[in-house]
Amino acid sequence: VQLQAYGGGLVQAGNSLRLSCAASGLAFRSYSMAWFRQAPGKGREFVAAIRRYGGEIAYGDSVKGRFAISRDNTKNTVNLQMNSLKPEDTAVYYCAAGQGVISSSMKRDQAYTYWGQGTLVTVSS
């Protein structure tokens, strides 16, 4: 299984960035997908998740209303549209995949089996 996250970079505060994660080696449609992030010196934080058929979506409180997660089951990709970026959004962003993820577990990193290598997002003030 491989999860390849890309799209990170340096952006000014207030601007937008779109991350994508390409999955291979797994039955993508049957997996819930998520984004987590980790800022320097901090723990891993839940960002967004989407269940396997896109029927349920969850967001972390700090990104709600600014970020949007989506998936394309025909291309085996999950996307994270990030708008109104803030310096505190600076982090390495990881995509993750998990099977059998129930609603109450969507925000927990333990619910996800496979993880990508991460892509760095830097937001300047």
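For the structure given in this document, a descriptive report is provided here. (Residues numbered from 1 in each chain as written. Predicted model: local features only at pLDDT ≥ 70, side-chain atom pairs only at ≥ 80, totals over all residues. Heavy atoms only, no water.)

**Describing the overall build of the chain**
Moving on, step 1. Looking only at helices and strands, the chain features zero helices and 11 strands.
Moving on, step 2. Each helix (α) and strand (β) of the chain, taken in turn from the N terminus, gives the series β-β-β-β-β-β-β-β-β-β-β.
Moving on, step 3. A globule of 125 residues ought to have a C-alpha radius of gyration of about 14 Å, and the chain, at 13 Å, matches this closely.
Moving on, step 4. Per-residue burial for the chain yields a buried fraction of 46% across its 125 residues. (Helix = DSSP H or I, 4+ residues; strand = E, 2+ residues; numbered from the N terminus. Rg over C-alpha atoms; globule rule 2.2 N^0.38 Å. Buried < 20%, exposed > 50% of the residue type's maximum accessible area, 1.4 Å probe, protein only.)

**Thoughts on the sheet that holds strand S1 (residues 2-6)**
Where strands meet in a sheet, backbone hydrogen bonds hold them as pairs that are either parallel or antiparallel.
Moving on, step 1. With antiparallel pairing, four strands are arranged side by side in an open sheet as S1-S3-S8-S7. Across the chains shown, the open sheet's two edge strands, defined by having one partner strand only, are S1 and strand S7 (67-72). Between one strand axis and the next, the sheet turns by 15° as a mean value, whatever way the strands run.
Moving on, step 2. Bridge count between S1 and strand S3 (residues 17-24): five bridges; the pairing is antiparallel. (Pairing = 2+ DSSP bridges. Axes fitted to C-alpha atoms, helices over the stretch in contact; angles between N-to-C directions.)

**A word on the packing of aromatic side chains**
A ring pair, where both rings are aromatic, is described by two values, the distance of the centres and the angle of the planes.
Moving on, step 1. Per the stated rule, a full pass over the model turns up four aromatic pairs.
Moving on, step 2. Ring geometry for Phe 36 versus Tyr 112: centroids 5.7 Å apart, planes at 70°, classification edge-to-face. Here the residue Phe 36 occupies a position in strand S4 (residues 31-38), and Tyr 112 occupies one in the loop between strand S9 (91-99) and strand S10 (114-115), the gap between them amounting to 76 residues.
Moving on, step 3. When its relative accessible area of 5% is taken as the criterion, Tyr 112 is described as buried.
Moving on, step 4. Taken together, the aromatic side chains of Phe 36, Phe 46, Tyr 112 and Trp 115 make up a single cluster linked through ring pairs. (Phe/Tyr/Trp six-rings, centres within 6.5 Å; stacked < 30°, edge-to-face > 60°.)

**A closer look at the nonpolar core**
Moving on, step 1. Grouped together as the largest cluster of nonpolar side chains are 30 residues, with contacts concentrated most on Trp 35, Leu 80, Met 82 and Tyr 93.
Moving on, step 2. Put simply, the parts of the chain that give this core at least two residues each are S1, S3, S4, strand S5 (44-50), S7, strand S8 (77-82), S9 and strand S11 (119-124).
Moving on, step 3. When sequence neighbours within four positions are dropped, the list of residues in contact with Met 82 reads Asn 15, Ser 16, Leu 17, Leu 19, Arg 66, Phe 67, Tyr 93 and Val 121.
Moving on, step 4. Ala 34, Phe 36, Ala 58 and Tyr 112 belong to the second largest nonpolar core, which has 10 residues in total. (Core = buried A, V, L, I, M, F, W, Y, C linked by side-chain atoms within 4.5 Å. Contact = heavy atoms within 4.5 Å.)

**Here's the deal with the pattern of salt bridges**
Moving on, step 1. The final tally for this structure, using the stated rule, is six salt bridges.
Moving on, step 2. Across the pair Arg 37 and Glu 45 runs a salt bridge, and its minimum N-O distance is 2.9 Å.
Moving on, step 3. Judged by relative accessible area, Glu 45 falls into the partly exposed class, the value being 32%.
Moving on, step 4. Residue Arg 51 pairs with Glu 56 through a salt bridge whose shortest N-O separation is 3.2 Å.
Moving on, step 5. What makes Arg 51 partly exposed here is its relative accessible area of 27%.
Moving on, step 6. Among the ionic contacts, a cluster of salt bridges with common partners joins Arg 37, Glu 45, Arg 66 and Asp 89. (Salt bridge = Lys/Arg side-chain N within 4 Å of Asp/Glu carboxyl O.)

**Points about the pairing of S5**
Along any regular strand, the residues point their side chains to alternate faces of the sheet.
Moving on, step 1. Counting buried positions along S5 yields five of seven residues, so the element is predominantly enclosed.
Moving on, step 2. Relative to S5, S4 runs antiparallel, the two sharing six bridges. The residue bridging Ala 34 from the neighbouring strand is Ala 49, located in S5.
Moving on, step 3. Connecting S4 to the next strand, S5, in antiparallel fashion are five residues, including Gly 41 with a positive phi near 75°.
Moving on, step 4. Two elements, S5 and strand S6 (residues 57-59), share three bridges in a ladder whose sense is antiparallel. Paired with Ile 50 across the bridge in S6 is Ile 57.

Take it as geometry only, folks, not as evidence of what the structure does.
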